[in-house]
Amino acid sequence: KKLTSVAASSSTANTTMRPLNEQEMTTMFQKMAVFIGHNVKNLLQRTDDKHVFRLHKDRAYYIGERVLKASSSIGSKELVSMGVCVGKFSGTGKFRLHITSLPLLAQYAKHKVWVKPASEMSFLYGNHVLKAGVGRISDGAQLQSGVVVFSMSDIPLGFGVMARAGMDVKGLGPTDIVVLHQADVGEYLRDEDTGFATGGKGGSTLQAEGIGEDNTLIRKRKRLSEARVQPPHKRNKFGNRGANRAHANSNRKNNS
């Protein structure tokens, strides 16, 4: 409550954005706390340029007050984005983190997972992190803990949720899922046509689904992940299911 009152009471001359109300601040902080814990307070208690959270077109932004004041001359219709887009509020009031919040999450992350170089590309295509791809895991990661995924050279790649407790990972098989994918930096390329701030066709792919409400989502993503990693010889221009169809058509032509 102390954090929400500090952020909501910050003054600004910018009328194109509004401060988040107490409920919105609480909802957003609860989602961020899954990944950074009590480090949320460090986002507001900075010793350099003071930063605040602002809401614009259902998106929450983390922005320095100097930049915020400079934006006062920009109309609300013309303003597309400003500062760091942390995430977006849905119509039902739920908050979803965007991949654009990764710099904040990586800086203050409670738990981290490092993936091997051979598994980086798989994660950047939206797949889960498998046991075979795990380089190391920070201590204390529990089931459904929020984790930031790094390369072995400490480059943040995205974030997700632990599918297993860290202490149980050693006993898993190489194809068992360790981290459930939520967002990755590959989205900057995969969704560059629709963009991040316009809320276009690809908007949902730029959001990390809520923790604690994604049992169905986990099963869906697992099926998608398994489909992505099928051997290339089972795929063709018709898709994975089209391989057998194309083979049957070829046999009919040969028989005729």
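Above this text is the structure in question.
The model shown is predicted, which means the values in this text are computed figures rather than measured ones.

A. Broad picture of unusual backbone geometry. Phi is positive for Lys57, which is not a glycine, with a value near 55 degrees. With respect to the helices, strands and loops of the structure, Lys57 is situated in the loop between strand S2 (51-56) and strand S3 (59-64). For Lys57, a relative accessible area of 49% corresponds to the partly exposed category. The backbone phi angle of Gln144 is positive, close to 70 degrees, even though this residue is not glycine. Mapped onto the elements of the fold, Gln144 is located in the loop between strand S8 (134-137) and strand S9 (146-151). Gln144 gets classed as partly exposed once you look at its relative accessible area, which sits at 36%.

B. Looking closely at the nonpolar core. Counting residues in hydrophobic clusters, the biggest one holds 30 residues, and the most contacted among them are Met28, Phe53 and Val86. Those elements that provide at least two residues to this core are helix H2 (22-36), helix H3 (40-44), S2, S3, strand S4 (84-89), strand S5 (95-98), helix H5 (102-108) and S9. The element best represented in this core is H2, accounting for 6 residues. Among residues more than four places away in sequence, those in contact with Met28 are Leu20, Phe53, Ala60, Val86, Phe89 and Phe95. Ala141, Val149, Leu172 and Val179 belong to the second-largest nonpolar core, a separate cluster that totals 15 residues.

C. Representation of the sheet that holds S8 in the model. Reading across the sheet, the 6 strands line up as S7-S11-S10-S9-S6-S8 and stay open at both edges, with mixed pairing between neighbours. Each edge of the open sheet carries a strand with a single partner, namely strand S7 (129-130) and S8. Pairing of strand S6 (residues 112-115) with S8 involves 3 bridges; the strand directions are antiparallel. From the neighbouring strand, Trp114 faces S8, where its bridge partner is Arg136.

D. Structural detail: the pattern of salt bridges. Applying the stated criterion across every chain yields a total of 4 salt bridges. Its salt-bridge partner being Arg46, residue Asp48 comes within 2.8 Å of it at the nearest N-O pair. Its relative accessible area of 52% is what places Asp48 among the exposed residues.

E. Just the side chain of Ser138, in detail. With respect to the secondary-structure elements, Ser138 resides in the loop between S8 and S9. Side-chain polar atoms of Ser138 contact the backbone nitrogen of Lys112, separated by 2.8 Å. Discounting residues that sit within four places of it in the chain, Ser138 has contacts with Lys110, His111, Lys112 and Trp114.

F. A look at the packing of aromatic side chains. Enumeration over the complete set of coordinates arrives at 5 aromatic pairs. Put simply, the rings of Phe29, Phe53 and Tyr62 touch in pairs and so form one group of aromatic residues. The lysine or arginine in question, Arg136, covers the ring of Trp114, its NZ or CZ lying 3.8 Å from the ring centre.

Rules behind the numbers
- Residues numbered from 1 in each chain as written.
- Predicted model: local features only at pLDDT ≥ 70, side-chain atom pairs only at ≥ 80, totals over all residues.
- Heavy atoms only, no water.
- Helix = DSSP H or I, 4+ residues; strand = E, 2+ residues; numbered from the N terminus.
- Buried < 20%, exposed > 50% of the residue type's maximum accessible area, 1.4 Å probe, protein only.
- Core = buried A, V, L, I, M, F, W, Y, C linked by side-chain atoms within 4.5 Å.
- Contact = heavy atoms within 4.5 Å.
- Pairing = 2+ DSSP bridges.
- Salt bridge = Lys/Arg side-chain N within 4 Å of Asp/Glu carboxyl O.
- Polar contact = N/O pair within 3.5 Å; in protein donor to acceptor, adjacent residues only side chain to side chain.
- Phe/Tyr/Trp six-rings, centres within 6.5 Å; stacked < 30°, edge-to-face > 60°.
- Lys NZ or Arg CZ within 6 Å of the ring centre and 35° of its normal.

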